[in-house]
Amino acid sequence: MTDAMTGETCRLSIAITNPQGFHMRPMQAFVETACRFACEVSVGIADKQPVNGKSMWGLLSLGAEQGMKIIIETTGDGAAEALKALAEVVERAYDEVPEPPA
Amino acid sequence: MRMSEFIVREAISASVSAIQKEAVIREMVENLRQAGYFKGNDADDVVKAILKRELLSSTGIGEGVAIPHAKHSSVERLVGTIAICPSGVAFDSVDSEPVFVLVMLISPQERPSEHLRALEGVSRCLRDKSFVVSLRKATSSQQVWDLIANHDRA
């Protein structure tokens, strides 16, 4: 994990460890968390244009699988605090309860 | 993954009259069953799996769109269908608004990347508000299919 701060912009590269990838529930929690802060939030992945981290449509277009790295960038009021909260969302386990057999 | 690669054309419904979440989900699964998917009790299992997922958090992501989904061992590859509900469905969406366009995804167990690729495809089409407006105006499954196929080609 690397952390760089330049003025009002904070950036963090974070690996997706969830076997299901960065799927809809974490995305929803991410958007909800991002919207609590005034700062801008963008999320990028490898060769794709960064997307708006406050938009479900943006995050849905990422397709971030396990092992891939996403880059979260926050700019403006509360940028550092927002980044910390968003990193926690991405690192949280969403599949801790194993599915019962179908 | 483009939507036309996983949406089962024969299972599209442009005029779902149900206005309850569970009824619409059942109807969509039934449309897939009639198109040749799910044997025996599998259709019921799929409905249960989707409803169970909805309990964790609604897949109504706002702007009149929902993406109900589940994993199920009865499918060998990811399949999906679309329902247009002109009257709107109460879906506990994030914006508390009714849902008019539903895209259902059923993916095989242990194939998370397919699911993520499908979500990308859905996003590519439905993030365009004017495209959602066009879908809502569609009056036949053929029209829905044509809109998607044309969007995928563009």
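Please refer to the structure higher up on the page.
Throughout what follows, the structure given in this document is the object of discussion. (Residues numbered from 1 in each chain as written. Chains lettered and ligands numbered in written order. Predicted model: local features only at pLDDT ≥ 70, side-chain atom pairs only at ≥ 80, totals over all residues. Heavy atoms only, no water.)

## Regarding the overall build of chain B
Move 1: Helices and strands together make up the secondary structure of chain B, namely 6 helices and 5 strands.
Move 2: When the helices and strands of chain B are read in sequence order from the N terminus, they spell out α-α-α-β-β-β-β-β-α-α-α.
Move 3: Here the C-alpha radius of gyration of chain B, 14 Å, is about what a compact globule of 154 residues would show, namely 15 Å.
Move 4: Across the 154 residues in chain B, those meeting the buried criterion constitute 52%.
Move 5: Considering only contacts in chain B between residues 6 or more positions apart, those separated by 24 or more positions represent 71%.
Move 6: Carbon and sulfur atoms form 47% of the exposed surface of chain B, whose accessible area is close to 6,900 Å².
Move 7: For chain B, the separation between the mean place of its 19 positive charges and that of its 20 negative charges on side chains is 3 Å. (Helix = DSSP H or I, 4+ residues; strand = E, 2+ residues; numbered from the N terminus. Rg over C-alpha atoms; globule rule 2.2 N^0.38 Å. Buried < 20%, exposed > 50% of the residue type's maximum accessible area, 1.4 Å probe, protein only. Contact = heavy atoms within 4.5 Å. Areas by Shrake-Rupley, 256 points an atom, 1.4 Å probe, with all protein chains shown as cover. Lys, Arg positive; Asp, Glu negative; His and termini not counted. Charge placed at Lys NZ, Arg CZ, Asp CG, Glu CD.)

## Structural notes on the packing of aromatic side chains
Move 1: Under the defined criterion, the tally for this structure stands at 2 aromatic pairs over all chains.
Move 2: Sitting over the ring of B:Phe91, B:Lys21 keeps its end group 4.5 Å from the ring centre. (Phe/Tyr/Trp six-rings, centres within 6.5 Å; stacked < 30°, edge-to-face > 60°. Lys NZ or Arg CZ within 6 Å of the ring centre and 35° of its normal.)

## Describing the side chain of A:Ser61
Move 1: Within the secondary structure layout, A:Ser61 lies in the loop between helix 2 (56-60) and strand 5 (69-75).
Move 2: By relative accessible area, A:Ser61 is classed as buried at 14%.
Move 3: Setting aside chain neighbours within four positions, we find A:Ser61 in contact with A:Lys48, A:Val51, B:Glu120, B:Ser123 and B:Arg127.

## Brief notes about the interface of chain B and chain A
Move 1: Between chain B and chain A, the residue contacts involve 25 residues of the former and 21 residues of the latter.
Move 2: Between chain B and chain A, the buried area comes to about 1,900 Å², and carbon and sulfur atoms account for 60% of it.
Move 3: The largest per-residue losses of area from chain B upon contact with chain A belong to B:Ile61, B:Leu116 and B:Arg127, which jointly make up 27% of the total buried on that side.
Move 4: Taken together, the connections running from chain B to chain A amount to 2 salt bridges.
Move 5: Here B:Arg117 makes a salt bridge to A:Glu65, at a shortest N to O gap of 2.3 Å.
Move 6: Inspection of the chain B/chain A interface yields 8 residue pairs in polar contact (both at pLDDT 80 or more).
Move 7: Listing elements by their share of the side of chain B that touches chain A, those giving two or more residues are helix 3 (42-56), strand 3 (69-71) and helix 4 (112-126) of chain B.
Move 8: Here the side of chain B that touches chain A gets 9 residues from one element, more than from any other, and that element is helix 4 of chain B.
Move 9: Taken together, the residues of the side of chain B that touches chain A break down into 9 nonpolar, 9 polar and 7 charged. (Buried area = accessible area lost by both parts, 1.4 Å probe. Salt bridge = Lys/Arg side-chain N within 4 Å of Asp/Glu carboxyl O. Polar contact = N/O pair within 3.5 Å; in protein donor to acceptor, adjacent residues only side chain to side chain. Nonpolar A, V, L, I, M, F, W, Y, C, P; charged D, E, K, R; others polar.)

## A look at the packing of helix 1 (residues 24-34) of chain A against helix 3 (residues 79-91) of chain A
Two quantities define a packed helix pair, namely the angle between the helix axes and the distance between the axes.
Residues and elements named next belong to chain A.
Move 1: Where helix 1 contacts helix 3, the axes come no closer than 9 Å and their chain directions differ by 170°. With respect to helix 3, the element helix 1 is oriented roughly antiparallel. Judged by residue contacts, Pro26, Ala29, Phe30, Thr33 and Ala34 of helix 1 engage Ala85, Leu86, Val89 and Val90 from helix 3.
Move 2: When the residues that make up the contact of helix 1 with helix 3 are grouped by side-chain class, the tally is 8 nonpolar, 1 polar and no charged. (Axes fitted to C-alpha atoms, helices over the stretch in contact; angles between N-to-C directions. Parallel < 35°, antiparallel > 145°, perpendicular 65-115°, else oblique.)

## Topic: unusual backbone geometry
Residue and element names in this part refer to chain B.
Move 1: Phi is positive for Asp92, close to 55°, though the residue is something other than glycine.
Move 2: Residue placement: Asp92 occurs in the loop between strand 4 (79-89) and strand 5 (99-107).
Move 3: With phi around 60°, Glu110 is a residue other than glycine that occupies positive phi space.
Move 4: Along the chain, Glu110 falls in the loop between strand 5 and helix 4.

## Looking at the pattern of salt bridges
Move 1: The tally for this structure, following the rule as stated, stands at 11 salt bridges over all chains.
Move 2: A network of salt bridges, in which partner residues are shared, links A:Lys48, A:Glu65, B:Arg117 and B:Glu120.

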